Amino acid sequence: MDDIDRKIINILQTGFPICDSPYRQLAAELHIGETELLDRLKKLLDNGTLTRFGPLYNAERLGGALTLAAVKAPAECFDDIAGIINSFPEVAHNYARNHELNIWFVIATETPGQVEQTIQAIARQTGLSVYNMPKIKEYFVNLVFKA
Amino acid sequence: MLDSRDQHLLECIQLGLPVCSRPYAEIGKQCEMSETEVIARLGSLKQQGLIKRMGVIVKHQQLGYRANAMVVWDIPDGQVAPLGGHISRFPFVTLCYQRPRQAEWPYNLYCMIHGKDRAVVLMQLEQLNQACGLANFDRQVLFSRRCFKQRGAIYRRDATDSPHG
């Protein structure tokens, strides 16, 4: 990854034009040719630096629901519990964290009712109580990972 | 709200935009729309806020952001909004939410801080504490030890057929 790749990653995180030749427009801003931009993007996608290139949906406005949940998994069955939680397609993100509440995950479902169902199913299958922390308010963040 | 053509378009585009000279024309071929219609519909979905933005999802670990901490505070309810607003303006804060307190878990303000390593994250947290006057509130810092799973939200048509169901 060189400086031009870094510039590409930074500029793409701020948005992508919706017009007939969006890459050409971006290439002009980056002072490179459109073909070079397309080639570099393909490489960044192929080597996994960029995972997906497209729309970021507002899941809730589209009818879906999200919540943040956590469990206290005992050390002796930590991997089994993590495995059970990962096996739910409704679990979008899942992280081990250094606290007594040691597994934190995001549940994303198509309808609000399914969030509660998923929480109950995880509680049943793991035998643990599941802490459910849906958002009350989101504070706007300009999410950019500077490359 | 969405009509059936919007839904079809969202389904076609959700795996990503083609990397080619006329990506919206390419998407149009997949969902039997003209390039003009695709551009008009996406522009309107974005304006309505149903699409937050077009752009990339980066694998932040690959860019060297190896440490992330979820920091939670117990803030008096009346002060959450101004503090949340203040915290979210720092560039290393990647998410900021108010969430309900739980039994034995009194924390109500959450933020995520990403950094190259733990020392950087802790320094950034100290900066937040100073700038926002957070030092006296009870808090917890939960570093991630392992990422088991990370995927984007997937759009499915049935998600919008019965928004209240």
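Residues numbered from 1 in each chain as written. Chains lettered and ligands numbered in written order. Predicted model: local features only at pLDDT ≥ 70, side-chain atom pairs only at ≥ 80, totals over all residues.

Observations concerning the overall build of chain A
Step number 1: Within chain A, the regular secondary structure consists of five helices and six strands.
Step number 2: In chain A, the succession of α and β elements from N to C terminus is α-α-α-β-β-α-β-β-α-β-β.
Step number 3: Scaling as 2.2 N^0.38, a compact globule of 147 residues should have a C-alpha radius of gyration of about 15 Å, whereas chain A reaches 20 Å, well beyond that.
Step number 4: Counting every position in chain A, which comprises 147 residues, the buried fraction comes to 33%. (Helix = DSSP H or I, 4+ residues; strand = E, 2+ residues; numbered from the N terminus. Rg over C-alpha atoms; globule rule 2.2 N^0.38 Å. Buried ≥ 20, exposed ≤ 12 C-beta atoms within 10 Å, placed from the backbone.)

Re the overall build of chain B
Step number 1: For chain B, the helix and strand inventory stands at six helices and five strands.
Step number 2: Secondary structure elements of chain B, listed N to C terminal, follow the sequence α-α-α-β-β-α-β-β-α-β-α.
Step number 3: For 165 residues, the compact-globule estimate of 2.2 N^0.38 gives 15 Å, and the C-alpha radius of gyration of chain B, at 20 Å, exceeds that figure by more than 25%.
Step number 4: A principal-axis box enclosing the C-alpha atoms of chain B has dimensions of 60 × 40 × 30 Å.

Brief notes about the interface of chain A and chain B
Step number 1: Each side of the interface is counted separately: chain A has 61 residues, and chain B has 67 residues.
Step number 2: Split by residue class, the side of chain A that touches chain B holds 35 nonpolar, 16 polar and 10 charged.
Step number 3: In the sheet, strand β1 (residues 50–57) of chain A pairs with strand β1 (residues 51–58) of chain B via seven bridges, with the strands oriented antiparallel. Within β1 of chain B, the position partnered with Leu50 of chain A by the bridge is Val58 of chain B. (Contact = placed C-beta atoms within 7 Å. Nonpolar A, V, L, I, M, F, W, Y, C, P; charged D, E, K, R; others polar. Pairing = 2+ DSSP bridges.)

Some remarks on the packing of helix α2 (residues 22–30) of chain A against helix α3 (residues 34–46) of chain A
All names here are of chain A.
Step number 1: Running from N to C, α2 and α3 cross one another at 100°; their axes reach a closest spacing of 8 Å. On the basis of the axis angle, α2 is roughly perpendicular to α3. Each of Tyr23, Arg24, Leu26, Ala27 and Leu30 in α2 lies in contact with α3, whose residues at this interface are Glu34, Leu37 and Leu38.
Step number 2: Looking at the contact of α2 with α3 residue by residue, the class counts come to six nonpolar, no polar and two charged. (Axes fitted to C-alpha atoms, helices over the stretch in contact; angles between N-to-C directions. Parallel < 35°, antiparallel > 145°, perpendicular 65-115°, else oblique.)

Things to note about the domain arrangement of chain B
Step number 1: According to the domain assignment, chain B consists of domain 1 (4–55) and domain 2 (67–143).
Step number 2: For domain 1 of chain B versus domain 2 of chain B, the distance between C-alpha centres works out to 36 Å. (Domains from an automatic or database assignment.)

Considering the confidence of the model for chain B
Residue and element names in this part refer to chain B.
Step number 1: Averaged over all residues, the pLDDT of chain B equals 86, while 91% of them reach at least 70.
Step number 2: Mean pLDDT values over the elements of chain B span from 36, in helix α6 (residues 158–161), up to 95, in helix α4 (residues 77–87).
Step number 3: When the criterion is pLDDT under 50, residues 157–165 qualifies, and its contacts beyond four places in sequence or with other chains add up to 14 contacts. (pLDDT = per-residue confidence, 0-100.)

A word on the pairing of strand β2 (residues 65–71) of chain A
Two faces, one strand: in a regular strand the side chains alternate between the faces of the sheet.
All names here are of chain A.
Step number 1: Most of β2 sits out of view: five of its seven residues are buried.
Step number 2: Inspection of the sheet shows β2 paired to strand β5 (residues 131–133) by three bridges, in the antiparallel sense. Counterpart to Ala69 in the pairing with β5 is Asn132.

Structural notes on the sheet that holds β5 of chain A
Step number 1: Spatially, the nine strands line up as an open sheet ordered β5(A)-β2(A)-β4(A)-β3(A)-β5(B)-β2(B)-β4(B)-β3(B)-β6(A), and their pairing is antiparallel. Each of the sheet's edge strands pairs with one partner strand only, and the pair in question is β5 and β6 (137–138) of chain A.
Step number 2: In this structure, strand β3 (residues 91–97) of chain A lies alongside strand β5 (residues 139–150) of chain B, joined through five bridges in antiparallel fashion. Residue pairing for β5 of chain B: Ala96 of chain A is matched across the bridge by Arg146 of chain B.
Step number 3: Here helix α4 (residues 78–86) of chain A sits on the sheet in contact with β2, β3 and β4 (103–109) of chain A together with β5 of chain B, set at roughly 160° to β3 of chain A.
Step number 4: Taken strand by strand, α4 of chain B contacts β6 of chain A together with β3 (93–98) and β4 (109–115) of chain B, and its axis lies near 170° from that of β3 of chain B.

Focus on unusual backbone geometry
Residues and elements named next belong to chain B.
Step number 1: For Glu32, which is not glycine, the phi torsion reads 55° and is therefore positive.
Step number 2: Mapping Glu32 onto the fold places it in the loop between α2 (23–31) and α3 (35–47).
Step number 3: Under the C-beta neighbour-count criterion, Glu32 is labelled exposed, with 10 such atoms within 10 Å.
Step number 4: Of note in the backbone geometry, Glu104 takes a positive phi value of approximately 60° without being a glycine.
Step number 5: Position of Glu104 relative to the elements: it lies in the loop between β3 and β4.

Here's the deal with the nonpolar core
Step number 1: If you look at the biggest cluster of nonpolar residues, it comprises 71 residues, and the most contacted ones within it are Ile85 and Ile103 of chain A.
Step number 2: Setting aside its immediate chain neighbours within four residues, Ile103 of chain A contacts Ala70, Val71, Ala73, Ile81, Ala82, Ile85, Asn94 and Ala96 of chain A. (Core = buried A, V, L, I, M, F, W, Y, C linked by C-beta atoms within 7 Å.)

Some thoughts on the packing of helix α1 (residues 4–13) of chain B against α2 of chain B
Axes are the key here: two packed helices are described by the angle between their axes and the distance separating the axes.
Residue and element names in this part refer to chain B.
Step number 1: The interhelical angle for the contact between α1 and α2, taken along N-to-C directions, is 115°, at an axis separation of 10 Å. Handedness of the α1/α2 crossing: right-handed. Within the contact between the two elements, α1 uses His8, Leu9, Cys12 and Ile13 and α2 uses Ile27, Gln30 and Cys31.
Step number 2: Here the residues of the contact of α1 with α2 sort into five nonpolar, two polar and no charged. (Left-handed = near helix turned anticlockwise from the far one by under 90°.)

Notes on α1 of chain B
Step number 1: Along α1 of chain B, the residues that are buried comprise Leu9, Leu10 and Ile13 of chain B. Buried residues of α1 of chain B fall within an arc of 100° about the axis and therefore sit on the same side. (Arc of directions from axis to C-beta.)

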